[in-house]
Structures are given as C-alpha cells and as structure tokens.
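Structural characterization, general
Here are the chains, one letter per residue:
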Amino acid sequence: MDFELTENQRMMRDMTRDFAARELAPIAQEMDEEGHLPDDVLTKMAGAGFFALSYPEKHGGLGLDTTSYGLVIEELSRQAAGVAIMAMVHNSVGCYPVASFASEEVQAKVLPRMAAGELAGFCISEAGAGSDAAALRCNARRDGDHYVLDGEKMWVTNGARAAFYVVLARTPGTTGHRDIHAFLVEAGQDGVTVAKKEDKLGLRASDTVVISLEGVRVPEAHRLGDEGEGFKIAMQALDGGRIGVAFQALGIARGCLDEAIGFARQREAFGATLADQPVIQHKLADMATELDAGRLLALRAAWLKDSGRPFTREAAMAKLFATEAAGRIADEALQIHGGYGYVKEYPVERYYRDVRITRIYEGASEIQRLVIARSLLREQ
Ligand code: CAA
C-alpha cells in the first residue's frame, strides 16, 4: 500500500492551490454576493486546463487520472466551491459521456472546444424526476436520421453559460430506463432556451437553470452510445461525478477547519485563547479526523476507477461520508466562531451555505445509501 501522491498528482494539486489562492480567494466573497463569475476568471481557468482535466490529450485534454482530478476539485473548492462546481460538472457529467460514447468524429469536433472553456451542462433531472431519474419524461421522437426533443430540464449547472448539454430523453409513450437515450445538444440550436435562473442558498458564483427544449432537432450522430443506453451512460457519468462531489466537500471542509483553527488561535475567552481550551481542541480533533476519513474514502474510489475496477459502491460511500462529514465540520467551524460565524465577516458563513448542496446533488445521501445497500445485497 502506498499513501504517497505521484509527482504529477502533487504538481496538479500545488498548481491549483496557487491558482485558487491567487485568482479565486480574493474575489470569492464578491462572487458569492453578486451571484456571478467574471468572464476573465473563466478564461484564466480554461488557460490553466481546468476544463480539460480528464479526457484524452489527442482531443485537447490533459488526460489526468481521477486522483489528480479530485485534488484539483478539492483545491478549487477550498477557496471557491461555487467555481469548482463549474469545472466539476463540465469535466464529469458534461465531457465524460462525450469522451466515452460519442463517435470519434464528434469527439474530434467537440472536445477541443470543451477543453478551451466552452462549458458543458448535464440535463437529466426534471420537475417530476430527481432522485428517481428513470421517471424522466422529456421526449425524443425519431424523425428520419434526426431525433426531435421536447421537454424541460431542471437543476442544470453551467446551464446559462454552457455551449453544450448532455440531454437524457425517452421514446414517447414509454416508461422505465430501457427507452432512455443520451444526446449531445448545442446551446445555440433552435428550440433550446434558458427558461429560469435559480436563486440559490450557496454555490452562488455558478449558475443553475431550467432548460426548455422545444422541437430541438438532434442528428443521429449526436446520440451518445446506442439507443436505450442513455440511463446507463448517465449512471456511469454520475459514478465518476460522485467522486468529484466527495472531493468538493473535502475542499470546503478543509476551508472550515483552517478558518476554525485561525479563529481559535486569536479569539480569547475566560483568560485564554479558544485554542488553549480542551472543549475547542476536541472539536478540532474530531473535525480533522472526519476530514481524513473522508479523504481516504475519496482517494480509494479514485484509485479503483483508475485501476479499471468496479467503483460504484465505493464512489457512493465516498460521497455519502465526505459530504455528511463536511456538513458536520462546517457546523462546528461556525459554532467555534460563535456569532461571528453567523455573519458575512468570516468565510465560514459562506462555506456553511456552500456545503449543504453536496448532500443533495449528483444523488442525495439517501440515494447513496440505496446504491451501497443494493450492492451489498447483490453480493450475498
Ligand atoms: N453503472 C452502470 N449501470 C447502472 C448503474 C451504474 N452505476 N446503476 C444502475 N445501472 C443499470 C442497472 O444495472 C440496470 O440495468 P439492467 O436493467 O440492464 O439490469 C439499470 O441501470 C437500472 O438500474 P436500477 O434498477 O438500479 O435503476 P433505478 O431506477 O432503481 O435507479 C438510482 C437507480 C440509483 C436510484 C438512480 O435513479 C439514481 O442514481 N438516482 C439519482 C439521480 C442523480 O444522481 N441525479 C443527479 C442529477 S445531476 C445534478 O445533480 C445536477 C448537477 O448539474 C450537478
């Protein structure tokens, strides 16, 4: 067993740490307040390769392993989780289905644009289909060598800025997962509109929107995988995505721990700093221990994925534990700050809001438990 990162992994982590401290930390609070990411930050992120992390070098990607990808997401999240989510969704559920299931010709055309920062979003959820993803109703009607898409998709991260969407839709009149197909849709196509921008509790630098699809004509060549493979493609993309969410939660939790230590060292009460007092020391010790346990689960899931072994269950475990632990860590960090944690003077107020969604998106904790339990029961 080897707990050392490779030189490449360390390099990506350190480069991202520098980038995040230099480019994101100084404006993180402002981006949160304004609910907006400046265009020049996006350009700098593209320049650093954050939108080209995991797909092949021949198509403009960096071809990184999952551990490096996770470390990048953790470091971005440490300073600005609302920015990290944009890279995370783009690379995992946005680019992965294209890099793995589009024809070589479509990949060669699209992936270099994605690498250059033309963002991708993932359109699976609908008003009546969230945790129960196979209940989606968006229609894909066959029309010669095209499909015609009609429906409305919710919770689309990157949706307002995206150039591409991976869209899950079904043959009209069907139910269940076997008639669901995956498509690559371009944002500029006729019939694709951003119907609503959500006003969120956290991750406010990133946009989350409703996408409306009305009579959108998609060529057969832009179907990802075979007919009926859409649901499994989405599940595979989400397996990888869940590792990213685990690392995102760990990044936010590390921010909470750093801030809590900093505050405890300078704040005095009862004639000593908070850091001198066992009640606070115990909190810090528990926070650090949970953080490490989450990191080990996330690294194991990444390692399994890179080794080509099954990792669905381990990705679910990593997401479940890391996001729930991060919620507890954020709560304790705020508690250590007392009233100061409840106002915007210190970043823990933002971390506390940002971390909450990690227990919901890309499969809520309840869904991760379902995935883990089903896998255990199948094995027996
Ligand atoms: N990989 C490959 N195939 C898989 C799979 C996986 N991880 N999980 C399931 N499948 C296959 C099954 O083998 C099965 O195939 P067969 O019928 O051929 O055997 C098929 O898919 C259906 O599987 P289930 O019966 O398990 O499906 P289900 O309807 O019971 O649903 C679920 C399973 C795990 C609950 C799934 O619906 C799920 O993951 N729900 C959560 C959805 C989710 O994460 N949404 C997040 C959306 S993205 C987002 O959050 C916004 C954003 O932009 C960040």
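Residues numbered from 1 in each chain as written. Predicted model: local features only at pLDDT ≥ 70, side-chain atom pairs only at ≥ 80, totals over all residues. Heavy atoms only, no water.

Some words on the overall build of the protein
Of the regular secondary structure elements, the protein holds 10 helices and 10 strands. Whereas a compact globule of 380 residues would reach a radius of gyration of roughly 21 Å, the protein reaches 21 Å, a difference of no more than 12%. Along the three orthogonal principal directions, the C-alpha set of the protein runs to about 80 × 50 × 40 Å. In the protein, buried positions account for 54% of the 380 residues. (Helix = DSSP H or I, 4+ residues; strand = E, 2+ residues; numbered from the N terminus. Rg over C-alpha atoms; globule rule 2.2 N^0.38 Å. Buried < 20%, exposed > 50% of the residue type's maximum accessible area, 1.4 Å probe, protein only.)

Structural notes on the site of the ligand
Around the ligand, the surrounding shell holds 27 residues, and the nearest of these are Ser131, Arg178, Lys232, Asp239 and Glu362. Within the side chain of histidine 177, one N or O atom sits 2.9 Å away from an oxygen atom of the ligand. Within the complex, the protein chains bury 75% of what would otherwise be the 1,100 Å² of accessible surface of the ligand. By residue number, the principal contributor to the shell around the ligand is helix H6 (residues 230–266), which donates 7 residues. (Near = heavy atom within 4 Å. Polar contact = N/O pair within 3.5 Å; in protein donor to acceptor, adjacent residues only side chain to side chain. Areas by Shrake-Rupley, 256 points an atom, 1.4 Å probe, with all protein chains shown as cover.)

Things to note about the packing of H6 against helix H7 (residues 278–306)
The contact between H6 and H7 brings their axes to 10 Å, and the two run at 160°. The angle between the axes of H6 and H7 places the two elements in the roughly antiparallel class. Where H6 crosses over H7, the two elements pack in a sense that is left-handed. In contact with Gly240, Ile243, Ala246, Phe247, Leu250, Ala253, Arg254, Cys256, Leu257, Ala260, Ile261 and Ala264 of H6, H7 contributes Ile280, Leu284, Met287, Ala288, Leu291, Gly294, Arg295, Ala298, Leu299, Ala301, Ala302 and Lys305. For the contact of H6 with H7, the per-class residue count stands at 19 nonpolar, 2 polar and 3 charged. (Axes fitted to C-alpha atoms, helices over the stretch in contact; angles between N-to-C directions. Parallel < 35°, antiparallel > 145°, perpendicular 65-115°, else oblique. Left-handed = near helix turned anticlockwise from the far one by under 90°. Contact = heavy atoms within 4.5 Å. Nonpolar A, V, L, I, M, F, W, Y, C, P; charged D, E, K, R; others polar.)

Notes on the pattern of salt bridges
Between side chains of opposite charge, a pair can form when the charged atoms approach closely. Inspection of the entire model under this criterion finds 28 salt bridges. Its salt-bridge partner being arginine 17, residue glutamate 75 comes within 3.0 Å of it at the nearest N-O pair. Of this pair, glutamate 75 sits in helix H4 (residues 66–101) while arginine 17 sits in helix H1 (residues 7–24), placing them 58 residues apart in sequence. Note that arginine 353 is salt-bridged to aspartate 32, the shortest N-O span being 2.7 Å. Of the two residues, arginine 353 is situated in helix H9 (residues 348–356) and aspartate 32 in helix H2 (residues 28–34); the sequence distance between them amounts to 321 residues. (Salt bridge = Lys/Arg side-chain N within 4 Å of Asp/Glu carboxyl O.)

A word on the nonpolar core
Ranked by size, the top nonpolar core spans 97 residues in total, and within it Met45, Leu76, Met114, Leu168 and Ile336 carry the most contacts. Ignoring anything within four residues of it in the chain, the contact list for methionine 45 reads Phe19, Phe50, Phe51, Leu76, Val83 and Ala87. Core analysis: the second largest hydrophobic core is formed by 18 residues, Cys138, Phe183, Ile211 and Leu213 among them. (Core = buried A, V, L, I, M, F, W, Y, C linked by side-chain atoms within 4.5 Å.)

A few points about the environment of phenylalanine 101
If you trace the backbone, phenylalanine 101 turns up in helix H4. Measuring from C-alpha to C-alpha, the distance between phenylalanine 101 and alanine 182 comes to 9.4 Å, with 81 residues separating the pair along the chain.

Considerations on the domain arrangement of the protein
Under the domain assignment used here, the protein contains domain 1 (7–115), domain 2 (120–228) and domain 3 (232–379). Spacing between the C-alpha centres of domain 1 and domain 2 amounts to 22 Å. On the side of domain 2, 19 residues touch domain 1, which itself brings 27 residues to the contact. Of the roughly 2,000 Å² buried between domain 1 and domain 2, counting both surfaces, carbon and sulfur atoms make up 65%. Linking domain 1 with domain 2 are 2 salt bridges, by the criterion used here. In this structure, aspartate 39 and arginine 161 form a salt bridge, with 3.0 Å as the shortest nitrogen-oxygen distance. Taken together, the links from domain 1 to domain 2 amount to 6 residue pairs in polar contact (both at pLDDT 80 or more). Of all the secondary structure elements, the ones that give two or more residues to the side of domain 1 that touches domain 2 are H2, helix H3 (39–47), H4 and helix H5 (104–115). No other element matches H4, which puts 12 residues into the side of domain 1 that touches domain 2. Along the lines of polarity and charge, the residues of the side of domain 1 that touches domain 2 split into 17 nonpolar, 5 polar and 5 charged. (Domains from an automatic or database assignment. Buried area = accessible area lost by both parts, 1.4 Å probe.)

With respect to the pairing of strand E1 (residues 120–123)
Neither face of E1 is exposed, since Ala120 and Phe122 on one face and Gly121 and Cys123 on the opposite face are all buried. Taken together, the 4 bridges between E1 and strand E4 (residues 164–170) define a ladder with parallel strand orientation. For cysteine 123, the partnering residue across the bridge sits in E4 and is valine 167. (Pairing = 2+ DSSP bridges.)

Observations concerning H3
Those residues of H3 that fall on the buried side of the exposure criterion are Val41, Leu42, Met45 and Ala46. The arc enclosing the buried residues of H3, seen along the axis, measures out at 140°, which places them on a common side. Turned more than 90 degrees away from the buried face of H3 sit Thr43 and Gly47, all of them exposed. (Arc of directions from axis to C-beta.)

Points about the side chain of arginine 78
The topology assignment puts arginine 78 in helix H4. Among the residues examined, arginine 78 registers a relative accessible area of 10% and is labelled buried. Within the structure, the side chain of arginine 78 is placed 3.0 Å from the side chain of aspartate 258, a separation counted as a polar contact. Aside from chain neighbours lying at most four places away, what touches arginine 78 is Gly251, Arg254, Gly255, Asp258, Glu259 and Tyr351.

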